[in-house]
Amino acid sequence: MSLKIVYSSDELREALDNGADRITLCAGIFEIPPLKNVVFDRIGPVKVRVLCSREQAERDGMVFCGIYPEYRDAYALTAREPMEVVSAARSSSYGSGGSYAVSSFGSGA
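A quick note: this is a predicted structure, and the numbers were derived from the prediction, not measured.

### A few points about the overall build of the protein chain
Of the regular secondary structure elements, the protein chain holds two helices and seven strands. Counting from the amino terminus, the protein chain carries its helices and strands in the arrangement β-α-β-β-α-β-β-β-β. By sequence separation, contacts in the protein chain at least 24 residues apart represent 20% of the contacts at least 6 residues apart. Working note: accessible area of the protein chain is about 6900 Å², and carbon and sulfur atoms make up 53% of it.

Following this line, the structure appears as structure tokens:
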């Protein structure tokens, strides 16, 4: 097991690149990509956004000790026109119902 203490997003990226499987986040704001079999804990207040759903994080073995991250779910919507770009994102925190943001870039028809 490889333990790494990180103080910034750059140090987090470096720890992940070097294969750390237990990471202590120190007071700050962190965005964490989907990972397999990594344990996170903290020193001081941290805000964590995980760039995948809670279900995917659990399935992949991501564990958060004393950290209550915000998770992101992405859903595709049906477009009204073949070339219309439509996106939706769902953000949820531990124990909340979450919220949705929808964007549509088209003719508005």
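### Some thoughts on the nonpolar core
Membership of the largest hydrophobic core comes to 20 residues, with the highest contact counts inside it found for Leu-12, Ile-23, Leu-25, Ile-32, Phe-40, Met-62 and Phe-64. Those elements giving two or more residues to this core turn out to be helix 1 (9-17), strand 2 (22-32) and strand 3 (39-50). Of all the elements, strand 2 adds the most residues to this core, at four residues. The contact partners of Met-62, leaving out residues within four places of it in the chain, are Ile-32, Pro-33, Pro-34, Leu-35, Asn-37, Val-38, Phe-40, Val-50, Cys-52 and Ala-57.

### Here's the deal with the pairing of strand 3
As paired strands, strand 2 and strand 3 are joined by ten bridges and run parallel to one another. The residue of strand 3 that forms the bridge with Ile-29 is Lys-47. Where strand 3 meets strand 4 (residues 63-64), two bridges bridge the pair, whose relative direction is parallel. In the strand pairing of strand 4, Val-39 is matched with Val-63.

### Remarks on the packing of aromatic side chains
For the structure on display, the rule yields two aromatic pairs. Geometrically, the ring pair formed by Phe-40 and Phe-64 is stacked, given 5.2 Å between the ring centres and 10° between the ring planes. Taken as a pair, Phe-40 in strand 3 and Phe-64 in strand 4 lie far apart in primary sequence, 24 residues in all. Taken individually, Phe-40 and Phe-64 each receive the classification buried, so the pair is uniform in this respect. Three or more aromatic residues joined by ring pairs make a cluster, and in this case those are Phe-40, Phe-64 and Tyr-71.

Conventions adopted
- Per chain, residue numbering runs from 1 following the sequence as it is written.
- Per-residue local features of the predicted model are confined to residues with pLDDT of at least 70, and side-chain atom pairs are confined, for both listing and counting, to 80 or more; whole-chain, interface and lining totals are unaffected and use all residues.
- In computing side-chain values, all of the structure's heavy atoms are included and hydrogens and water are not.
- For helices the rule is a DSSP run of H or I covering at least 4 residues; for strands it is a run of E covering at least 2, with both sets numbered from the N terminus onward.
- Working rule for contacts: check all heavy atoms of both residues, and any pair within 4.5 Å makes them a contact.
- Computed by Shrake-Rupley with a 1.4 Å probe, the accessible areas treat only the displayed protein chains as cover when residues are assessed.
- Buried residues of nine kinds, namely Ala, Val, Leu, Ile, Met, Phe, Trp, Tyr and Cys, make up a nonpolar core once their side-chain atoms join them within 4.5 Å.
- Think of it in three bands: residues with accessible area under 20% of the maximum for their type are buried, residues over 50% are exposed, and the middle band is partly exposed, with areas taken using a 1.4 Å probe on protein chains only.
- A pair of strands is treated as paired once DSSP finds two or more bridges between them.
- Each aromatic pair joins two rings of Phe, Tyr and Trp (for Trp, the six-membered one) with centres within 6.5 Å, and gets the label stacked for planes under 30 degrees apart, edge-to-face for over 60, and tilted for any other angle.

Such coordinate-based values are descriptive only and should not be taken to indicate function.
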